[in-house]
Amino acid sequence: MRKSLRAAALGAACVVAGAALYGSGVASAGQSTANSTHEPYNIGLLTKDIDTYYGTTLDSNGVYQASATSPYAKDLARIDASAKKYIDAAVRKHHKGVKPAVVFDIDDTLLLSLDYEKKNNYGYSSASWAAYVAQANRPEVFGTPALVKYAASKGVAVFYNSGLTEAQRTSAVDNLKKVGADINLDADHMFLKNTANPPSYLSSCATAGTWTCTTVQYKSGTRKHIESLGYDIIANFGDQYSDLDGGYADKTYKLPNPTYFVS
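Here the residue index of a chain counts from 1 through its sequence in written order. A pLDDT threshold of at least 70 governs which residues receive local features in this predicted model, and a stricter bar of 80 or more applies before side-chain atom pairs are shown or counted, although totals over entire chains, interfaces and linings include all residues. Only hydrogens and water are set aside when side-chain values are computed; all heavy atoms of the structure are taken into account.

Peer 1: Please explain the packing of helix H2 (residues 71–93) against helix H5 (residues 144–153) as it appears in this structure.
Peer 2: Describing two packed helices takes the angle between their axes plus the distance from one axis to the other. It is at 11 Å that the axes of H2 and H5 come closest, and there the two elements cross at 10 degrees. Our classification of the angle between H2 and H5 gives roughly parallel. Between H2 and H5, the residues in contact are Asp-80, Ala-83, Lys-84, Ile-87 and Asp-88 and Thr-144, Leu-147, Tyr-150 and Ala-151, respectively. Residues that form the contact of H2 with H5 fall into these classes: 5 nonpolar, 1 polar and 3 charged. Axis definition: a line fit to C-alpha positions, over the contact stretch in the case of helices; interaxial angles, taken between N-to-C directions, run 0 to 180 degrees. Every helix listed is a DSSP run of H or I at least four residues long, and every strand listed is a run of E at least two residues long, numbered separately from the N terminus. Roughly parallel means an angle under 35 degrees; roughly antiparallel, over 145; roughly perpendicular, 65 to 115; everything else is oblique. We call two residues contacting when some pair of their heavy atoms lies within 4.5 Å. Note on residue classes: Ala, Val, Leu, Ile, Met, Phe, Trp, Tyr, Cys and Pro are nonpolar, Asp, Glu, Lys and Arg are charged, and everything else, Gly too, is polar.

Put into structure tokens, the structure is as follows:
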């Protein structure tokens, strides 16, 4: 379930303004403070902090962009540098007979949705989101499309594991091509949510027309399926803890996103 900045009890306040380099796989920092008895962080100040963190500017086309010199960009650069060193080491140590792979989420891991968040006052509706995705014109999350290419150059198989739907596949592929992540964009490597006809490996929580999978169940179940094909997922990248939890990855990388929370 996607929760907007307002609906998530301001849990994002813990992760803005330079505090977005989380490490790998720990699902405690930055979580909702909905059960707190003290007054939450002020929403007006929080949105200002978010703008400062992204270095948000409105370009000549009326699109909100993040700055390449912002704290957000610097955090991403540190994550990318660490991931490249890790991929190099993991490939050298990898056992023969099992193919190394990396898995990337898409929304705010490869494609930045800052313009949508700003223009919708950090709110969300399925209709406005679908219209935004259909434009297929989101900018890259700094450095991650290049990281996709880097992994592929090292002989690592690239997969995508996204909450976008099957109906949004064409838009996702077109947008990823625009930002340079033009690697393995076929249906065998890009896994999207198919609630009408879910795959058999998700049968414990999804059958035709009935989808009860949580984000963790869906994404970890997909990673388990990828590994069943003879791959070892050496690294899993996402902007939400629910992208990363549930196992089936040797290492996880949490990318910064203080604008919404997906449980």
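Peer 1: Just checking my understanding: could you explain the packing of aromatic side chains for this structure?
Peer 2: To describe a pair of aromatic rings, you give the distance between the ring centres and the angle between the ring planes. Any Phe, Tyr or Trp ring, taking Trp's six-membered ring, that has another such ring centre within 6.5 Å forms a pair; planes under 30 degrees apart are called stacked, those over 60 apart edge-to-face, and the others tilted. Here the structure, examined in full by the defined rule, presents 13 aromatic pairs. Taken together, a centroid distance of 4.5 Å and an interplanar angle of 50 degrees make the contact between Tyr-54 and Tyr-72 tilted. Separated by 18 residues along the polypeptide, Tyr-54 in helix H1 (residues 43–54) and Tyr-72 in helix H2 bring together distant segments of the chain. Accessibility here uses a 1.4 Å probe with only protein chains present; expressed as a share of the type maximum, an area under 20% marks a residue as buried, one over 50% as exposed, and anything in between as partly exposed. Residue classification places Tyr-54 among the buried positions, given a relative accessible area of 1%. Look at Tyr-72 and Phe-142: their rings are 6.3 Å apart centre to centre, the planes differ by 55 degrees, and that puts the pair in the tilted class. One end of the pair, Tyr-72, is in helix H2; the other, Phe-142, is in the loop between helix H4 (126–134) and H5, with 70 residues separating them in the sequence.

Peer 1: Any chance you could explain H5 here in plain terms?
Peer 2: The α-helix advances 3.6 residues per turn, and as a result positions three or four apart in sequence lie on the same side. Within H5, the full set of buried residues consists of Thr-144, Pro-145, Leu-147, Val-148 and Ala-151. Looking down the long axis of H5, one finds its buried residues gathered within 155 degrees of arc, a one-sided arrangement. Summarising the contacts, the buried residues of H5 are in contact with H2, strand E4 (99–104), strand E5 (157–165) and strand E9 (231–238). Of the residues one or two after H5, Gly-155 is the one with positive phi, at around 85 degrees. Directions are taken from the helix axis to each C-beta atom, and the arc is the one they span.

Peer 1: Can you help me understand the sheet that holds strand E6 (residues 190–193) in this one?
Peer 2: Adjacent strands of a sheet pair through backbone hydrogen bonds, lying either parallel or antiparallel. Strands pair, by our definition, only if DSSP identifies at least two bridges between them. Ordered by their spatial adjacency, 5 strands build an open sheet running E6-E5-E4-E9-E10, and the pairing between neighbours is parallel. The open sheet has two free edges, formed respectively by E6 and strand E10 (252–254), since each of these has just one partner strand. Geometrically, the sheet is characterised by an average inter-axis angle of 20 degrees between neighbouring strands, direction not taken into account. Note that E4 and E5 share 4 bridges and pair parallel. Bridge pairing links Val-102 to Val-158 in E5.

Peer 1: What should I look at first to understand the state of the cysteines in this one?
Peer 2: Covalent bonding between the sulfur atoms of two cysteines is what defines a disulfide. Note on disulfides: each one is a pair of cysteine sulfur atoms within 2.5 Å. Evaluated as defined, the whole model comprises 1 disulfide. The disulfide partner of Cys-205 is Cys-213, and the S-S distance across this bridge is 1.9 Å. On the S-S bond that ties Cys-205 to Cys-213, the torsion sits near 80 degrees, and the link is right-handed. Overall, Cys-213 belongs to the buried group, its relative accessible area being 11%.

Peer 1: Even after reading the chapter, I still don't get the packing of H1 against H2, so can you show me in this structure?
Peer 2: Here H1 crosses H2 at 55 degrees, and the two axes come no closer than 5 Å. When the interaxial angle is binned, H1 and H2 end up oblique. Listed contacts from H2 to Thr-52, Tyr-53 and Tyr-54 of H1 are Pro-71, Tyr-72 and Asp-75. Broken down by class, the residue content of the contact of H1 with H2 amounts to 4 nonpolar, 1 polar and 1 charged.

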